[in-house]
Amino acid sequence: METVTQKPEELACLNISAPVPQARKAATGESQLTELQNQLTQAQIQAGITALEGPGITIQLDDNNSGLSNSPTDDPNRYIIHYENLLYLVNDLRNAGAEGISINGQRIVVSSEIRCVGNVILVNTTRLAPPFEISAIGDPKSLEEALASSTTYQQLSLSGFPVSYKTTGSHSNNISLPAYTGSFSTKNLTSAAYEEAS
């Protein structure tokens with residue numbers, strides 16, 4: 001019996017590829033799965049639907065009750081924290097690269113609303129009253145510099161409002177942010193694949 005052998009260049013012409021060993025296939029599949037899991041984790045962090053922990057800054061602010069007591073005939077609106085104050089401070093922290101922000105335990109996400117409802121402030125459909133605590137995870141130095149140049153923070157401080165902040169950089173003093181537990185409106189969203197097909 002005679003064995004027929006072919007040269008490597010003849011095999012190449014036949015376009016026959018050697019089977020990939022099962023171990024290599026499994027390794028490739030595992031690396032792809034790991035990459036997809038990492039992408040999912042990052043997407044969840046950016047969406048705010050997972051709890052976060054890390055270094056950052058915590059801002060404490062309250063109404064100026066002592067100022068109102070010293071000027072009882074003055075307009076009381078001048079001595080309370082307004083929703084705009086919180087909104088502007090959140091924007092300052094975002095612009096400084098904050099990776100996650102919360103106000104009194106309410107995680108701020110893309111769809112979050114910060115607005116006034118009567119004598120309380122509404123955040124994510126939750127009514128909040130002072131004192132307020134804004135927590136942000138990110139580079140502590142960058143976040144602190146953002147507050148130093150924040151018009152809102154400086155105005156509150158100069159107007160006698162009890163405002164303060166502290167940064168944290170060690171693992172033992174990490175800031176913890178809860179996950180967003182509300183819903184997202186998708187009434188204006190359409191699938192990209194659907195758009196291409198139509």
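Residues numbered from 1 in each chain as written. Predicted model: local features only at pLDDT ≥ 70, side-chain atom pairs only at ≥ 80, totals over all residues. Heavy atoms only, no water.

Asks: Explain the sheet that holds strand β7 (residues 126-128) residue by residue, including any values.
Replies: The strands that make up a sheet are held in pairs by hydrogen bonds between backbone atoms, and each pair lies either parallel or antiparallel. An order of β5-β6-β7 is seen for the three strands of this open sheet, with the pairing classed as antiparallel. Single-partner strands in this sheet number two, and they are β5 (114-117) and β7. Averaged over all neighbouring strand pairs, the angle between strand axes comes to 35 degrees, with direction disregarded. Bridge analysis of β5 against strand β6 (residues 120-123) gives four bridges, and the strand direction is antiparallel. By the bridge assignment, Arg115 is partnered in β6 with Leu122. (Pairing = 2+ DSSP bridges. Helix = DSSP H or I, 4+ residues; strand = E, 2+ residues; numbered from the N terminus. Axes fitted to C-alpha atoms, helices over the stretch in contact; angles between N-to-C directions.)

Asks: Please set out the packing of helix α4 (residues 83-95) against helix α6 (residues 151-158) residue by residue, giving values where relevant.
Replies: As a packed pair, α4 and α6 sit with axes 8 Å apart at the nearest point and diverge in direction by 135 degrees. Of the possible angle classes, the one that applies to α4 and α6 is oblique. Two secondary-structure elements touch here, α4 through Asn85, Tyr88 and Leu89 and α6 through Thr152, Tyr153 and Leu156. Taken together, the residues of the contact of α4 with α6 sort by class into four nonpolar, two polar and no charged. (Parallel < 35°, antiparallel > 145°, perpendicular 65-115°, else oblique. Contact = heavy atoms within 4.5 Å. Nonpolar A, V, L, I, M, F, W, Y, C, P; charged D, E, K, R; others polar.)

Asks: An account of the sheet that holds strand β2 (residues 56-61) is needed here, citing residue identities and associated values.
Replies: If you walk across this open sheet you meet the five strands as β4-β3-β8-β2-β9, and the pairing is antiparallel. Pairing within the sheet leaves two strands with one partner each, and these edge strands are β4 (106-107) and β9 (163-168). When strand β3 (residues 100-103) meets β4, the two strands line up antiparallel, connected through two bridges. In the sheet register, Ile103 faces β4, and the bridge partner there is Gln106. Against the sheet, α6 contacts β2 and β9, and its axis sits at roughly 130 degrees relative to β9.

Asks: So what's going on with helix α5 (residues 140-148)? Which residues, and what values?
Replies: Among all positions of α5, only Pro140, Leu143, Ala146 and Leu147 are buried. Viewed along the axis of α5, the buried residues span an arc of 125 degrees, placing them on a single side of the element. Opposite the buried face of α5, at more than 90 degrees from it, the exposed residues are Lys141 and Ala148. Contacts made by the buried residues of α5 are with β2, α4, β8 (132-137), α6 and β9. (Buried < 20%, exposed > 50% of the residue type's maximum accessible area, 1.4 Å probe, protein only. Arc of directions from axis to C-beta.)

Asks: Just give me the short version of α6, but keep the residues and values in it.
Replies: Taken together, the buried positions of α6 are Thr152, Tyr153 and Leu156. Taken end-on, α6 shows its buried residues confined to a sector of 100 degrees, consistent with a single buried face. Those residues of α6 that are exposed and angled more than 90 degrees off the buried face are Thr151 and Leu158. Downstream of α6 by one or two residues, Gly160 has phi in the positive range, about 90 degrees.

Asks: Tell me about the nonpolar core, residues and numbers included.
Replies: Core analysis: the largest hydrophobic core is formed by 25 residues, its most contacted members being Leu61, Leu86, Leu93, Ile103 and Ile134. If you list the elements that add at least two residues to this core, you get β2, α4, β3, β6, β8, α5 and α6. (Core = buried A, V, L, I, M, F, W, Y, C linked by side-chain atoms within 4.5 Å.)

Asks: With reference to specific residues and values, describe the pattern of salt bridges.
Replies: Overall, the coordinates contain two salt bridges when judged by the stated rule. Here Asp74 and Arg78 are joined by a salt bridge, their closest N and O atoms 2.8 Å apart. The partly exposed category is assigned to Asp74, whose relative accessible area is 23%. Note on Arg78: relative accessible area 54%, which makes it exposed. A salt bridge links Glu113 to Arg115; the nearest nitrogen and oxygen atoms lie 3.4 Å apart. Here Glu113 falls in the partly exposed class, since its relative accessible area comes to 47%. According to the relative accessible area criterion, Arg115 is partly exposed, its value standing at 39%. (Salt bridge = Lys/Arg side-chain N within 4 Å of Asp/Glu carboxyl O.)

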